[in-house]
Amino acid sequence: MKKVPTLLAGLLLAFGMASTDSAAAAEPNATLHFGAITWESGALTTEILRLIVEHGYGFSTDTLPGSTVSMEVALARNDLQVIAEEWAGRSPAWVKAEQAGQVFALGDTVKNAEEGWWVPAYVIKGDPARNLKPLAPDLRSVDDLKRYPEVFKDPEAPGKGRFLNSPSGWTSETVNSQKLKAYGLDGLYNNFRSGSGAALDAEITSAIRRGQPVLFYYWSPTPLMGRYQLVRLEEPPFDAAAWATLSDAANPQPQGSRSLPAKLSIGVSKAFRDNYPQLVAVFEKVDLPIATLNKALAHMNETRQKPREAAIAFLRDNPQVWKAWLPAENAAKVEAGL
């Protein structure tokens, strides 16, 4: 498979290359570029789709790194052809490109996905088995957090709590930063941005194993959700107008709202959609049962399995899931390739 140097790939996604609908994806023997998603479910889904495309249909693929927004911009320019886990409609970059007919969201790949602000259940209920007393017994909603900054105190800033946000560059990081302002919490909690998805996982997991209180943004599907007892904090009902203020980092008066209802799809460029109808038909049928996916993600995380290896294991162990997405002839080729 073709490998693109990291520096070149970064420049490609940051600035884009002159692309047209007849470029990369329109060439019969072109390499199909997938976004190199860093979070676990996205990384696993990327490799599952690449294996199907390579073995089932004979196309070459590679991955190019970048932040969420830069990958969406690259998709609109056809510098990327596929983003395997697209939380469509969340970022202004995606919305603008979709309205212009430059990108398309295919399928509904993971039902019952969600995102929000969470705390370990023992913070509210305690845990007698671990001799942990409830530290915030009345914590139910984001508004209640105003009473508990000392519970979630930031070790680097006495007098303030710490909120674990997404890494910079993720669409959710912008939304969470705006939510802190909207809920009147920005003066009470430090907005701590992890350097990566792995760093966010490590900080949450470390706190839970030590029985420490921790307030954090997270989402599902993920191994973390199946491994620990967590409580999602209540937020105001979703409101489209409020959401627009949360997804715009420059808006000076953000309004509180639950996040946009989650629909996970496969993002593709216009050129890909126009020139690879056989793959579009497959992507539109992708359906990853969330319990099965969380189980695979947990094993991948616990054994430090690489996404490619985890994808091979997923396809071998769950033929009843993925064979329904593609014609029998192509499914047989995928199976033989494994």
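The name that an unreviewed UniProt entry assigns to the protein is ABC transporter substrate-binding protein, with the source organism given as Pseudomonas muyukensis.

Chemist: Is there a simple way to explain the overall build of the protein in this structure?
Modeler: Across its full length, the protein carries 15 helices and 11 strands. Rg of the C-alpha trace for the protein: 21 Å, near the compact-globule value of 20 Å for 338 residues, within the 12% margin. If one aligns the C-alpha atoms of the protein with their principal axes, the spans along those axes are about 60 × 45 × 35 Å. Looking at the 338 residues of the protein, the share that counts as buried comes to 52%.

Chemist: Hey, could you run me through the packing of aromatic side chains in this one?
Modeler: We describe a pair of aromatic rings using the distance from one ring centre to the other and the angle between the two ring planes. Per the counting criterion, the structure on display carries 10 aromatic pairs. Between W117 and Y183, the ring centres sit 5.8 Å apart and the planes meet at 85 degrees, which makes this aromatic pair edge-to-face. Taken as a pair, W117 in strand β5 (residues 114–120) and Y183 in the loop between α6 (171–182) and β8 (189–193) lie far apart in primary sequence, 66 residues in all. For the pair W117 and Y183, one class covers both residues: buried. Look at F272 and Y276: their rings are 5.3 Å apart centre to centre, the planes differ by 25 degrees, and that puts the pair in the stacked class. Here the two residues F272 and Y276 agree in accessibility, since each one is buried. Among the aromatic side chains, those forming a connected cluster through ring pairs are W39, W170, F216, Y217, Y218 and W219.

Chemist: Looking at this structure, I do not really get the environment of A281. What am I missing?
Modeler: With respect to the helices and strands, A281 occurs in helix α11 (residues 277–283). For A281 and P327, which are 46 residues apart along the polypeptide, the C-alpha to C-alpha distance reads 9.9 Å.

Chemist: Sorry, what's going on with helix α3 (residues 68–76) here?
Modeler: Note: α-helices contain 3.6 residues per turn, so residues at a spacing of three or four share the same orientation. Buried within α3 we find T68, S70, M71, E72, A74 and L75. Positive phi shows up at N78, right after α3, with a value of about 70 degrees.

Chemist: Where do I start with the pairing of strand β2 (residues 61–64) in this structure?
Modeler: Looking down a regular strand, the side chains alternate between one sheet face and the other. By the bridge criterion, 4 bridges tie strand β1 (residues 32–35) to β2 in an arrangement that is parallel. Following the sheet pairing, F34 is matched in β2 by T63. One crossover worth recording links β1 to the parallel β2 by way of helix α2 (residues 40–57), and it is right-handed.

Chemist: Teacher, can you tell me more about the nonpolar core here?
Modeler: Nonpolar side chains in soluble globular proteins tend to end up buried together. Counting 90 residues, the largest nonpolar core has L145, F152, F283 and W325 as its most contacted members. In terms of residue count, α2 provides more of this core than any other element does, 7 residues in total. When residues no more than four places from it in sequence are discounted, the contact partners of F152 are V119, V123, L139, L145, K160, G161, R162, Y189, P213, V214 and L215.

About the cut-offs
- Residues numbered from 1 in each chain as written.
- Predicted model: local features only at pLDDT ≥ 70, side-chain atom pairs only at ≥ 80, totals over all residues.
- Heavy atoms only, no water.
- Helix = DSSP H or I, 4+ residues; strand = E, 2+ residues; numbered from the N terminus.
- Rg over C-alpha atoms; globule rule 2.2 N^0.38 Å.
- Buried < 20%, exposed > 50% of the residue type's maximum accessible area, 1.4 Å probe, protein only.
- Phe/Tyr/Trp six-rings, centres within 6.5 Å; stacked < 30°, edge-to-face > 60°.
- Pairing = 2+ DSSP bridges.
- Right-handed = clockwise from strand over helix to strand, strands pointing away.
- Core = buried A, V, L, I, M, F, W, Y, C linked by side-chain atoms within 4.5 Å.
- Contact = heavy atoms within 4.5 Å.

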